[in-house]
Amino acid sequence: MYPLRPRSGPKVTIFFIFLIWISAFIVGSPGLVAAELFNQKTANFTKAENETGSNHIQEILNNSELELKVTVKLHCSFRLSPELLELYDYALFILMYLLPLTTLAATYVPISIRLWHHREIGEITRAQAESIRSKRRAVKMMCVVMSIFAVCWLPYQLFFIIIRIKPSLQAYTHLPTIFVSCYWLAMSNAIYNPIIYFTMNRR
């Protein structure tokens, strides 16, 4: 937007890179410190247990038709109070979604307005007309990049907030599938930008 202003030097750039990495480490540190893994075992008997009755344990164990299935699942939990967990989820929602989206909007929208409404002085030549079309393609490209970021990351961020608001949903059978789908959609945002830049920058 301001081509005549001096650009940041290498030292300033390196400083901001380290600042971003340190901030990311600080944001993720509660998960490193407070998270713990544990095995949860669940035992399920077949229908023979109900037919025999809980008062005849030895008879149940001797019954050849009875099958005992023990399932071991690895769980992860945070050693934090529910209030702190909810506060942490809201903080992540702000830092990982609202703040980047606001930053994109604050930078892309003014640039888009300037490029879209820019008019050449005097008679427009063929080169100038092509330049105008190129700038408007850039505006569309920035809008697409920002929209895809908002769509890809919103389900992942809302997933944790909804779980905190309604803890009963944690017992839902297909919850892991929903989480993986939201996570995949969020991570897939990284592959869309190069495709957008390539397809919308072709002359």
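Residues numbered from 1 in each chain as written. Predicted model: local features only at pLDDT ≥ 70, side-chain atom pairs only at ≥ 80, totals over all residues. Heavy atoms only, no water.

Within an unreviewed UniProt entry, the label attached to the chain reads G-protein coupled receptors family 1 profile domain-containing protein, and the organism entered is Paragonimus westermani. Regarding the chain, the UniProt comment filed under Subcellular location (unreviewed entry) reads as follows: "Cell membrane". (UniProt positions renumbered as here; feature names shortened; annotations may be inferred.)

**Student:** Is there a simple way to explain the overall build of the chain in this structure?
**Tutor:** Regarding its fold elements, the chain presents seven helices and two strands. Across the chain, helices and strands are ordered from the amino to the carboxyl terminus as α-β-α-α-β-α-α-α-α. Partitioning the intrachain contacts of the chain with sequence separation of at least 6 by distance along the chain shows that 74% fall at a separation of at least 24. Element-wise, carbon and sulfur atoms account for 66% of the exposed surface of the chain, whose accessible area totals about 15700 Å². (Helix = DSSP H or I, 4+ residues; strand = E, 2+ residues; numbered from the N terminus. Contact = heavy atoms within 4.5 Å. Areas by Shrake-Rupley, 256 points an atom, 1.4 Å probe, with all protein chains shown as cover.)

**Student:** I would appreciate a short explanation of the packing of helix H6 (residues 175-187) against helix H7 (residues 189-200) in the present structure.
**Tutor:** Two elements in contact, H6 and H7, have axes whose closest approach is 4 Å; the angle formed by their N-to-C orientations is 30°. Residues Trp 184, Leu 185, Ala 186 and Met 187 of H6 touch H7, and the partners they reach there are Asn 189, Ala 190 and Tyr 192. A breakdown of the residues in the contact of H6 with H7 according to their chemical character gives six nonpolar, one polar and no charged. (Axes fitted to C-alpha atoms, helices over the stretch in contact; angles between N-to-C directions. Nonpolar A, V, L, I, M, F, W, Y, C, P; charged D, E, K, R; others polar.)

**Student:** Sorry if this is basic, but what is going on with a nonpolar patch on the surface here?
**Tutor:** On the surface, Ile 14, Phe 18, Ile 22, Phe 25, Ile 26, Leu 32 and Val 33 cluster together into a nonpolar patch covering about 790 Å² of accessible area. Within the secondary structure, Ile 14 sits in helix H1 (residues 10-34). For Ile 14, a relative accessible area of 45% gives the class partly exposed. (Patch = residues over 30% accessible without salt bridge, like charges linked within 9 Å, V, L, I, M, F, W, Y side chains within 5 Å. Salt bridge = Lys/Arg side-chain N within 4 Å of Asp/Glu carboxyl O. Buried < 20%, exposed > 50% of the residue type's maximum accessible area, 1.4 Å probe, protein only.)

**Student:** Help me understand the UniProt feature "transmembrane region" (unreviewed entry) in the chain in this model?
**Tutor:** Per the UniProt annotation, the sites labelled "transmembrane region" (unreviewed entry) are residues 12-35, 90-111, 141-163 and 175-198. As annotated, residues 141-163 comprises 100% helix and 0% strand, and the C-alpha atoms at either end are separated by 34 Å. With 96% helix and 0% strand, residues 175-198 has its two end C-alpha atoms placed 36 Å apart.

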